[in-house]
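The lines below spell out each chain.
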Amino acid sequence: MSILSLARFQFAMTTVYHFFFVPFTIGTAFIVAIMESMYVHTKNESYKKMTKFWGNIFLLNFAVGVVTGIIQEFQFGMNWSDYSRFMGDIFGAPLALEALLSFFIESIFIGLWVFTWDKVKPGLHAFFIWMISFGSLTSALWILTANSFMQHPVGYAIRGGRAVMVDFGALLKNPQLWFEFGHVILNAIMMGGVIFAGLTAFQLLKKREISNEARTIYKKTMRLSLWMSLIFAIFGLVLGDMQMQYLVKEQPMKFAATEDVYTTTGEHAPWTIVGIANTKEHKVQNNIDIPDMLSILSYHKTTGAVTGMNELNAQYKKKYGKNIDYYPPVNTLFYSFRIMCAISAWIILVSFVGLIMSRKKSGYLYKHKWTLWILALTTFLPFIGNTAGWFVTEFGRVPWTVYGLFTIQQSVSPNVSVASLLTSNIVYFVLFTALAITLIGLIVHELKKDPTQTIEPKFKKVLDPFDKEAF
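Not measured: the values here are computed from a predicted model.

## Description of the pairing of strand S2 (residues 162-165)
Here's step 1: The sheet contact formed by strand S1 (residues 156-159) and S2 spans 4 bridges and is antiparallel. Paired with Tyr156 across the bridge in S2 is Met165.
Here's step 2: Linking two consecutive strands that pair antiparallel, namely S1 and S2, is a turn of 2 residues; a positive phi of about 60 degrees is found at Gly160 within it.

## Thoughts on unusual backbone geometry
Here's step 1: Residue Pro399 is bonded to the preceding Val398 through a cis peptide linkage, with omega at 10 degrees.
Here's step 2: Residue placement: Pro399 occurs in the loop between helix H14 (381-395) and strand S5 (400-402).
Here's step 3: Here the phi dihedral of Asn286 falls at roughly 55 degrees; this positive angle occurs in a residue that is not glycine.
Here's step 4: When you line up the elements, Asn286 lands in strand S4 (residues 283-290).
Here's step 5: Taking the relative accessible area as the measure of exposure, Asn286 reaches 65% and is therefore exposed.
Here's step 6: Within the chain, Asp292 stands out as a residue other than glycine whose phi angle is a positive 70 degrees.
Here's step 7: Tracing the backbone shows Asp292 in the loop between S4 and helix H9 (293-299).

## A short note on a nonpolar patch on the surface
Here's step 1: On the surface, a cluster of nonpolar side chains totalling about 700 Å² of accessible area is made up of Trp346, Leu349, Phe352, Val353, Ile356, Tyr364, Trp370 and Ile374.
Here's step 2: Residue assignment for the nonpolar patch shows that the elements contributing at least two residues are helix H11 (330-357) and helix H13 (369-378).
Here's step 3: In terms of residues, the nonpolar patch owes the most to one element, H11, which gives 5 residues.
Here's step 4: Considering the arrangement of structural elements, one finds Trp370 in helix H13.
Here's step 5: Taking the relative accessible area as the measure of exposure, Trp370 reaches 46% and is therefore partly exposed.

## Some remarks on the pattern of salt bridges
Here's step 1: Tallied over the entire structure, the rule returns 8 salt bridges.
Here's step 2: A salt bridge links Arg85 to Asp82, with the shortest nitrogen-to-oxygen separation between them at 2.6 Å. Here Arg85 and its partner Asp82 are both found in helix H3 (residues 81-115), 3 residues apart, which amounts to about one turn of the helix.
Here's step 3: Lys449 is the partner of Glu446 in a salt bridge, and the nearest nitrogen-oxygen pair spans 3.0 Å.
Here's step 4: We classify Glu446 as buried; its relative accessible area is 13%.

## Observations regarding the pairing of S4
Here's step 1: Where strand S3 (residues 271-278) lies against S4, 6 bridges are found, and the strand directions are antiparallel. In the strand pairing of S4, Trp271 is matched with Ile290.
Here's step 2: Hairpin connection, S3 to S4: the antiparallel pair is bridged by 4 residues, and His282 has positive phi, about 55 degrees.

## Description of the environment of Leu237
Here's step 1: Note that Leu237 resides in helix H7 (residues 212-250).
Here's step 2: Look at Leu237 and you get partly exposed, because its relative accessible area is 37%.
Here's step 3: Once the C-alpha coordinates of Leu237 and Leu186 are considered, the two residues, 51 residues apart in sequence, prove to be 9.0 Å apart.
Here's step 4: The contacts of Leu237, once residues within four sequence positions are left out, are Ser344 and Ile348.

## Some words on helix H16 (residues 418-447)
Here's step 1: A rise of 1.5 Å per residue sets the reference length of H16, with its 30 residues, at 44 Å; its end C-alpha atoms lie 43 Å apart and thus fit the reference within 8%.
Here's step 2: For H16, the complete set of buried residues consists of Leu421, Ser424, Asn425, Tyr428, Phe432, Leu435, Leu439, Ile443, Glu446 and Leu447.

## What to know about the side chain of Ser229
Here's step 1: For Ser229, the location among the structural elements is in helix H7.
Here's step 2: For Ser229, a relative accessible area of 1% puts it in the buried group.
Here's step 3: Of note is the side chain of Ser229, whose polar atom sits 3.0 Å from the backbone oxygen of Leu226.
Here's step 4: Separated by 2.7 Å, the side chains of Ser229 and Ser351 make a polar contact.

## Details of the layout of surface pockets
Over the atoms, a rolled probe matching the size of one water molecule traces out where space is still vacant.
Here's step 1: One number sums up the size of the largest pocket: a volume of about 850 Å³.
Here's step 2: Contributions of two or more residues to the lining of the largest pocket are made by helix H1 (3-42), helix H2 (45-78), H3, helix H4 (122-151) and H14.
Here's step 3: Per-class residue counts for the lining of the largest pocket are 20 nonpolar, 9 polar and 4 charged.
Here's step 4: Taken as a whole, the second largest pocket holds about 700 Å³ of empty space.
Here's step 5: Together, 38 residues line the second largest pocket, and His183, Gly240, Phe337, Met340 and Cys341 are the ones closest to its centre.
Here's step 6: Among the elements of the structure, H1, helix H6 (175-205), H7, helix H8 (252-258), H9, H11 and H14 are those that each provide at least two residues to the lining of the second largest pocket.
Here's step 7: Of the residues forming the lining of the second largest pocket, the biggest block, 8 residues, is contributed by H7.
Here's step 8: Each residue belonging to the lining of the second largest pocket can be placed in one class, and the counts come to 20 nonpolar, 13 polar and 5 charged.

Basis of the calculations
- Residues numbered from 1 in each chain as written.
- Predicted model: local features only at pLDDT ≥ 70, side-chain atom pairs only at ≥ 80, totals over all residues.
- Heavy atoms only, no water.
- Pairing = 2+ DSSP bridges.
- Helix = DSSP H or I, 4+ residues; strand = E, 2+ residues; numbered from the N terminus.
- Buried < 20%, exposed > 50% of the residue type's maximum accessible area, 1.4 Å probe, protein only.
- Patch = residues over 30% accessible without salt bridge, like charges linked within 9 Å, V, L, I, M, F, W, Y side chains within 5 Å.
- Areas by Shrake-Rupley, 256 points an atom, 1.4 Å probe, with all protein chains shown as cover.
- Salt bridge = Lys/Arg side-chain N within 4 Å of Asp/Glu carboxyl O.
- Contact = heavy atoms within 4.5 Å.
- Expected span 1.5 Å × (residues − 1).
- Polar contact = N/O pair within 3.5 Å; in protein donor to acceptor, adjacent residues only side chain to side chain.
- 1 Å grid on protein atoms, 1.4 Å probe; cavity = no way out; pocket = protein on both sides within 12 Å on 5 of 7 lines; lining within 4 Å.
- Points joined across faces, edges and corners; volume = space filled by probe spheres on them.
- Nonpolar A, V, L, I, M, F, W, Y, C, P; charged D, E, K, R; others polar.

Written out as structure tokens, the structure reads:
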């Protein structure tokens, strides 16, 4: 075990775990805001109870997500100090905005939203949850601004061996940012819909009596959640297609790796459905191809060549140096990309069929356990799909931390040891496992409650010693 491999493993572990909660928070906050807006518009108490019930699930996830995010930030100073020195001037600005602006908004309005039910007008209270959703959206924007610079550096100059920001506006106009941000947000809202629909299915599968009002709330949740998952999964798939066309030009090595293209294709590029990349000999084995399909997917026409990784590696060696190879982990990218796309397609199918089956005239969805079980098990797929998508984004940048400027080997801290990294890896793994078990337990506890019997937070009256009537 080397320092570099352990540092990379720790970054991957903490990032994947943290990213379980980020889209969960964004998506559920957005849908809870819609629920409360429906209550404000209709004055139907069922929507208010629905908002409170599912809002508790959002709050639990938000709390755990904050903890994992703090651990994530520690790593830059612990394991990647040389990267922090190189990128600090640029990376620090969007991270500061995320902490001082977005997280500040989320924290304030979560407090207002939780403790002011029936104390302010319904419209103002709904404004609070929309501000929470806005805070989570802008939080993602600032984080992805920093990540997009790592994918496609803009608005910088190299001074004294460090990247220095010379144009903050260029970071915000980075095309990579808006492809990433749009794709993440659309899929986060889709994920929120899938989770609420799946948890509702679990609720309806339980062998217990459910009141008519509770059943109505679950059915309203199901319809809304399925609509959210269907609409945003379709938009996410469309934007993902646009992003891949962008990668053909801007990150051709990443794109070639996701499609197992080692040798530059002809004008009629075949698409590999399955295949095994031989990373030593740099060729694909046991592949099944569809003629012309890669040209269609890449350029939306039947002609168009795709540059292969072998040719790109030769170009990069001339441009950046011959001391390393520039191949990313091909098999990881190839299958991660297909897993992500397959899960999106499955969610679109399940959401569409679920909406048809849950119509009032039919109600087929609620009459058969197998339909509810499909929705219930689909709950876990967005976590896998988001992780696969993040693998494509991050592993596709190998061997760079900042594309074309700074490598992973240059980024690791020079003063860490194998022992310290091994210890921190074990500690983080135990901590994350404990957090996961705790969160699951709390969510299960919340789901056991009746959504029609929401309870307001109650506090003991505290006497003000300066009040003349206190004594």
